[in-house]
Amino acid sequence: MTTTHPTDAVGDGTAAVGYPVLEVARDQVLDRGEGLDEGQVLAVLRLPDDALPELLEVAHEVRMRWCGPEVEVEGIVSLKTGGCPEDCHFCSQSGLFSSPVRSAWLDIPSLVQAAVQTAATGATEFCIVAAVRGPDERLMAQMREGVAAIRAAVDINVAASLGMLTQEQVDELADMGVHRYNHNLETSRSYFPNVVTTHTWEERWSTLEMVRDAGLEVCCGGIVGMGETLEQRAEFAAQLAELAPHEVPLNFLNPRPGTPFGDEPVLPATDALRTIAAFRLALPRTILRYAGGREITLGDLGTRDGLLGGINAVIVGNYLTTLGRPATDDLALLAELSMPVKALNATL
Amino acid sequence: MTEDYCARCGEPRDAGEHLACDAALVLEPPRYCVRCRRRMVVQVVPTGWTARCSEHGELRGGDVVDPLGR
Ligand code: SF4
Ligand SMILES: [Zn+2]
Ligand SMILES: [Zn+2]
């Protein structure tokens, strides 16, 4: 059994205070490489703020032991923005809310230019994203042309995030040379109906299975701070561990004007850091990426704490509809922390 | 250039406070044209952004380089 109460590890009432779940984490995750289960993750999420430095330290050790010091750097771009028929309550690109985001398509030369500029930052991953339920023929045609043009122009791994796929579309993306596919479960299965009503968690899961079975790398994460309970956050970590994705992008809700979650409070930095560490302890070998919302949730100082608390990948520069801190700031921070940027075609 | 409208919320500049909007615009591109309140067509890329009003033209931020030189 795990509790969140500190115990007197020394026994004479003097110095060291330890938290049982962190001792379990050292033994089970750090030494043996076995992720924490749902109940253990919940115990981590319930740790008091006093335990945070020790928690981050264990999560960082786990990341260094099972992933190494490299950090994977990625840029993302929106090929088709806005006007989505789905109702994900956090999303400014849904056409169902009164969000100020207008529909737009990026043309192929601009897409290629974005890939070239992303590669120039040192990034090895470039993810093409579209605000759709799933691709139609027009989008697949744009992808065919766009991915071929990027591959002809610059050396960078191309990933995609185009919503729910058919088997045919999975195969076609693999043929184009898309090496990784992002499809977020967003939140736990039990909380999902509070976030999305136009499709189900199970529909997302089945796309993920098709992607994995086709041999593409699976990228699947979500957003924390959408009103889910700590139990549901732990449930989500366990569900991701069951999926065992290659990469988990971790977003913190950035409440967008006009969306149903537009008035949700921003997650406190301490909760965000506890979540990062807890997810690392549930997923010791996964690429755990900082995605959207870190600027407003964590700020500069917290960004650093997360990189020393389990994170081993970043999205640099801007997001899809909002801006990030300059890529140069992140790269300078990585250099300062002696965390080398992962090279192209290296394996974490 | 006169700023009659808030680039984030689209409300008139002189109607109420826009301190939160102005703070948010550090990490968001403008959404409304400050001259006519039209919603702009915004494209965000990793290293920059463009925002176009059909009446008042295009704004740019970051290092966006237009490969077609438009
Ligand atoms: S499917 Fe994607 S683009 Fe559409 S509303 Fe949901 S998160 Fe937004
Ligand atoms: Zn305003
Ligand atoms: Zn205008």
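Residues numbered from 1 in each chain as written. Chains lettered and ligands numbered in written order. Predicted model: local features only at pLDDT ≥ 70, side-chain atom pairs only at ≥ 80, totals over all residues. Heavy atoms only, no water.

Residues and elements named next belong to chain B. Of the protein atoms, only Cys 33 (SG), Cys 36 (SG), Cys 53 (SG) and His 56 (ND1) coordinate the zinc ion (ligand 3), at distances of 2.1 to 2.3 Å. Each of the 4 donor atoms around the zinc ion (ligand 3) contributes to a set of angles spanning 103 to 116°, which defines the coordination as tetrahedral. Spacing between the donor residues of the zinc ion (ligand 3) along the chain follows C-x2-C-x16-C-x2-H. One end of the pair, Cys 36, is in the loop between helix H1 (19–24) and strand S1 (41–45); the other, Cys 53, is in strand S2 (residues 48–53), with 17 residues separating them in the sequence. Judged by its relative accessible area of 3%, Cys 53 is buried. (Donors = N, O, S within 2.8 Å, 3.2 Å for Na, K, Ca; no water. Tetrahedral: all angles 85-135°; square planar, octahedral: opposite > 155°, others 65-115°. Helix = DSSP H or I, 4+ residues; strand = E, 2+ residues; numbered from the N terminus. Buried < 20%, exposed > 50% of the residue type's maximum accessible area, 1.4 Å probe, protein only.)

Let's shift gears to the environment of A:Ala269. All names here are of chain A. By the secondary structure assignment, Ala 269 is in helix H9 (residues 269–282). Sequence separation of Ala 269 and Arg 294 is 25 residues, and the distance between their C-alpha atoms is 9.0 Å. Beyond its immediate chain neighbours, meaning those up to four positions away, Ala 269 contacts Thr 297 and Leu 298. (Contact = heavy atoms within 4.5 Å.)

For the rest of this paragraph, the subject is the side chain of A:Thr118. If you trace the backbone, A:Thr118 turns up in helix H4 (residues 108–120). A polar contact is formed between the side chain of A:Thr118 and the backbone oxygen of A:Ala114, at a distance of 2.7 Å. (Polar contact = N/O pair within 3.5 Å; in protein donor to acceptor, adjacent residues only side chain to side chain.)

Attention shifts here to the site of ligand 1. In the vicinity of ligand 1, the contacting residues are A:Cys84, A:Glu86, A:Cys88, A:Phe90, A:Cys91, A:Ser94, A:Ala131 and A:Val132. Partitioning the shell around ligand 1 into residue classes produces 6 nonpolar, 1 polar and 1 charged. (Near = heavy atom within 4 Å. Nonpolar A, V, L, I, M, F, W, Y, C, P; charged D, E, K, R; others polar.)

Bringing the coordination of the zinc ion (ligand 2) into the picture now. All names here are of chain B. Protein coordination at the zinc ion (ligand 2): the donors are Cys 6 (SG), Cys 9 (SG), His 18 (ND1) and Cys 21 (SG), at 2.2 to 2.4 Å from the metal. Taken together, the 4 donor atoms surrounding the zinc ion (ligand 2) define angles of 101 to 126° at the centre, an arrangement classified as tetrahedral. When its relative accessible area of 5% is taken as the criterion, His 18 is described as buried.

Residues and elements named next belong to chain B. Along S2, 5 of the 6 residues are buried, which leaves the element largely enclosed by surrounding structure. Relative to S2, S1 runs antiparallel, the two being bridged by 5 bridges. Residue Val 41 lies in a different strand from S2, and its bridge partner there is Arg 52. Note: S2 against strand S3 (residues 57–62), 6 bridges, orientation antiparallel. (Pairing = 2+ DSSP bridges.)

Quick look at the environment of A:Leu42 now. Residues and elements named next belong to chain A. Relative to the assigned elements, Leu 42 resides in helix H2 (residues 38–45). Under the relative-accessibility criterion, Leu 42 is labelled buried at 15%. Between the C-alpha atoms of Leu 42 and Arg 233, which are 191 residues apart in sequence, the distance is 7.8 Å. Residues in contact with Leu 42, not counting those within four places in the same chain, are Leu 230, Glu 231 and Ala 234.

Here the focus is the nonpolar core. Residues and elements named next belong to chain A. Counting 102 residues, the largest nonpolar core has Met 143 and Ile 150 as the members making the most contacts within it. Looking at which element gives the most residues to this core, the answer is H9, with 8 residues. Ignoring sequence-local partners within four residues, the contact set of Ile 150 consists of Leu 111, Val 112, Ala 115, Phe 126, Ile 128, Ile 156 and Val 158. (Core = buried A, V, L, I, M, F, W, Y, C linked by side-chain atoms within 4.5 Å.)

Residues and elements named next belong to chain A. Packing of H2 against H9 leaves a shortest axis separation of 9 Å and a crossing angle of 155°. With respect to their mutual orientation, H2 and H9 come out roughly antiparallel. As for how H2 packs across H9, the hand of that crossing is right-handed. When H2 is examined against H9, the residues Val 41, Val 44 and Leu 45 are found in contact with a partner set consisting of Arg 274, Thr 275, Ala 278, Leu 281 and Ala 282. (Axes fitted to C-alpha atoms, helices over the stretch in contact; angles between N-to-C directions. Parallel < 35°, antiparallel > 145°, perpendicular 65-115°, else oblique. Left-handed = near helix turned anticlockwise from the far one by under 90°.)

Residue and element names in this part refer to chain A. This model, assessed by the stated rule, comprises 2 aromatic pairs over all chains. An angle of 20° between the planes, with centres 5.2 Å apart, marks the rings of Trp 201 and Trp 205 as stacked. Taken together, the positions of Trp 201 and Trp 205, both in helix H7 (residues 201–213) and 4 residues apart, correspond to about one turn of that helix. Accessibility classification places Trp 201 together with Trp 205 in one group, the buried group. Measuring from ring centre to ring centre gives 6.0 Å for Phe 236 and Phe 279, while their planes differ by 65°; the resulting arrangement is edge-to-face. Taken together, the residues span a long stretch of sequence, with Phe 236 in helix H8 (residues 230–243) and Phe 279 in helix H9 at a distance of 43 residues. Of the residues examined, Phe 236 reaches a relative accessible area of 2% and is grouped as buried. The ring of Trp 105 carries Arg 138 above its face, with NZ or CZ at 3.9 Å from the centroid. (Phe/Tyr/Trp six-rings, centres within 6.5 Å; stacked < 30°, edge-to-face > 60°. Lys NZ or Arg CZ within 6 Å of the ring centre and 35° of its normal.)

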